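Observations on the model geometry
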Amino acid sequence: MTSRSPAPRVPPALRQRATEVLARLQDLYPDARTELAFRNPFELLVATVLSAQATDKSVNAATPALFAAYPDAFALAAARVEDVEGFIRTIGLYRNKARNLVALAGLLVERHGGDVPNDFDAVVALPGAGRKTANVVLSNAFGFPAIAVDTHVGRLARRLGFTAETNPDKVEVQLQRLFPREQWVFLHHALILHGRRVCLARRPVCSACALAAVCPQVGVEVST
Ligand code: SF4
């Protein structure tokens, strides 16, 4: 019989630094939340699928007309893919996304009575969704504790010395070990905001960063 080895203990100094980073992020972004516009779990799911490799701004510009035309999973499931494309043409990968959205809506109707399931595995199984989408949807729509790891969260977690992993699933596990469960959703949003505004991908603004005193700046070669 094999036994799973226990997760390695988090060094106290690292945990303390994580606590300090969290406190500073809470000061910086007390109202951190998703910047995607949505009114219900269905809209959030659609917006999150659309946001892959696209800006929230471009998604928010397209979704009001899309949701007016297809207000629920039943309407979207019955749509022609070409018609959906017309609403999201300004968003990257729109052909793929239109196809996925119609298929996804079909599955919501077929398996879940048209509702977004409050179940991680069921959301992950939807076309165009993945772990990140499931985490975003379940945390924002249903209060499920989750840290969705996108490009910003992964980059900041590495620069802040919280992980050396590049695989988002592994980054997620390491962040979960470092931060209290009730802060996971906040942390996800705050790291995204900090990544967009200060800890930029190409040239982070370390000189004006409120986390600088507690950040080892791992892998940062050029900063402002
Ligand atoms: S100090 Fe630099 S690397 Fe660290 S979080 Fe701030 S901007 Fe990012």
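Calculation criteria
- Here, residues in each chain are numbered from 1, in the same order as that chain's written sequence.
- It should be noted that, the model being predicted, local features are given only for residues of pLDDT at least 70 and side-chain atom pairs only at 80 or more, the latter also being counted only at that level, while totals for whole chains, interfaces and linings use all residues.
- UniProt positions are given in the numbering used here, feature names are shortened, and annotations may be inferred rather than shown by experiment.
- What counts as a helix is a DSSP run of H or I of at least four residues, what counts as a strand is a run of E of at least two, and both are numbered from the N terminus.
- Residue burial here comes from a neighbour count, namely the number of other C-beta atoms, placed from the backbone, that lie within 10 Å of the residue's own C-beta, with 20 or more meaning buried, 12 or fewer meaning exposed, and in between meaning partly exposed.
- We call two residues in contact if the C-beta atoms placed from their backbones are at most 7 Å apart.
- Throughout the structure description, domain borders are defined by an automatic or database domain assignment.
- Side-chain classes are defined by residue name, with Ala, Val, Leu, Ile, Met, Phe, Trp, Tyr, Cys and Pro counting as nonpolar, Asp, Glu, Lys and Arg as charged, and the others, Gly among them, as polar.
- Given the number of residues in a helix, its expected span is that number minus one, multiplied by 1.5 Å.
- The term bend refers to the angle at a residue between two fitted axes, each drawn through seven residues, those ending there and those starting there.
- Only the C-beta atom matters for nearness: placed from the backbone, it must lie within 6 Å of the molecule or strand for the residue to count as near.
- Axes, fitted as lines to C-alpha atoms, cover a helix only where it is in contact. Angles between the N-to-C directions of the axes lie from 0 to 180 degrees.
- An angle below 35 degrees is read as roughly parallel, one above 145 as roughly antiparallel, one from 65 to 115 as roughly perpendicular, and any other as oblique.
- By definition, any crossing whose near helix is turned counterclockwise from its far helix by less than a right angle is left-handed, and any crossing with a clockwise turn is right-handed.

Those places that UniProt annotates as "binding site: [4Fe-4S] cluster" (unreviewed entry) correspond, in this numbering, to Cys199, Cys206, Cys209 and Cys215. A stretch of 17 residues holds the annotated residues, and the largest C-alpha distance among them is 11.0 Å, short enough that they meet in one place. Mapped onto the elements of the fold, cysteine 199 is located in the segment after α11 (184-197). Classification of cysteine 199 as buried rests on a count of 24 C-beta atoms within 10 Å. With residues up to four places along the chain from it excluded, the contact list for cysteine 199 reads Leu156, Arg159, His194, Pro204 and Cys209. Residue placement: cysteine 206 occurs in the segment after α11. Take cysteine 206: there are 17 C-beta atoms within 10 Å of it, and that puts it in the partly exposed class. Residues contacting cysteine 206, with those up to four places away along its chain left out, are Ala212, Gln217, Val220 and Ser223.

A separate point is the UniProt feature "domain: HhH-GPD" (unreviewed entry) in the protein. Under the UniProt annotation, "domain: HhH-GPD" (unreviewed entry) lies at residues 50-197. For residues 50-197, helix accounts for 66% and strand for 0%, while the C-alpha atoms at its two ends are 22 Å apart.

On to the domain arrangement of the protein. Parsing the protein into structural domains produces domain 1 (12-32 + 147-214) and domain 2 (41-142). A separation of 27 Å is found between the C-alpha centroids of domain 1 and domain 2. Counting residues at the interface gives seven residues for domain 1, matched by five residues for domain 2. When grouped by side-chain class, the residues that make up the side of domain 1 that touches domain 2 number five nonpolar, no polar and two charged.

With that out of the way, let us pick up helix α3 (residues 56-69). Spanning 14 residues, α3 covers 20 Å between terminal C-alpha atoms, matching the ideal 20 Å at 1.5 Å per step. Approximately 40° is the largest bend angle found in α3, and it occurs at threonine 63, with the proline proline 64 only one to four residues beyond. Regarding α3, the residues found buried are Val59, Thr63, Leu66 and Phe67. Buried residues along α3 sit against α2 (41-50) and α5 (81-88).

Helix length check: helix α6 (residues 94-112), at 19 residues, gives a terminal C-alpha distance of 25 Å against a target of 27 Å (1.5 Å per residue), a fit within 8%. Along α6, the residues that are buried comprise Lys97, Ala98, Asn100, Leu101, Val102, Leu104, Ala105 and Leu108. Where α6 is buried, its residues meet α2, α4 (73-77) and α5. Looking one or two places after α6, you find glycine 113, whose phi comes out positive at around 65°.

Of all residues adjacent to the ligand, which total 14 residues, the nearest are Cys199, Pro204, Cys206, Cys209 and Cys215. A per-class count over the shell around the ligand returns 11 nonpolar, two polar and one charged.

To continue, consider the environment of alanine 129. Take alanine 129: it is sitting in the loop between α7 (120-124) and α8 (131-142). In this structure, the C-alpha to C-alpha distance between alanine 129 and asparagine 167, residues 38 residues apart in sequence, is 17 Å. Among residues more than four places away in sequence, those in contact with alanine 129 are Val49, Leu104, Val123, Val124 and Ala134.

Moving on: the packing of α5 against α6. Where α5 contacts α6, the two axes come as close as 9 Å, and the packing angle between them is 125°. The angle between α5 and α6 places the two elements in the oblique class. The crossing of α5 and α6 is right-handed. The residues of α6 that touch α5, namely those facing Val81, Val84, Glu85 and Ile88, are Tyr94, Arg95, Lys97, Ala98, Arg99, Leu101 and Val102. Here the contact of α5 with α6 is built from residues that sort into seven nonpolar, no polar and four charged.

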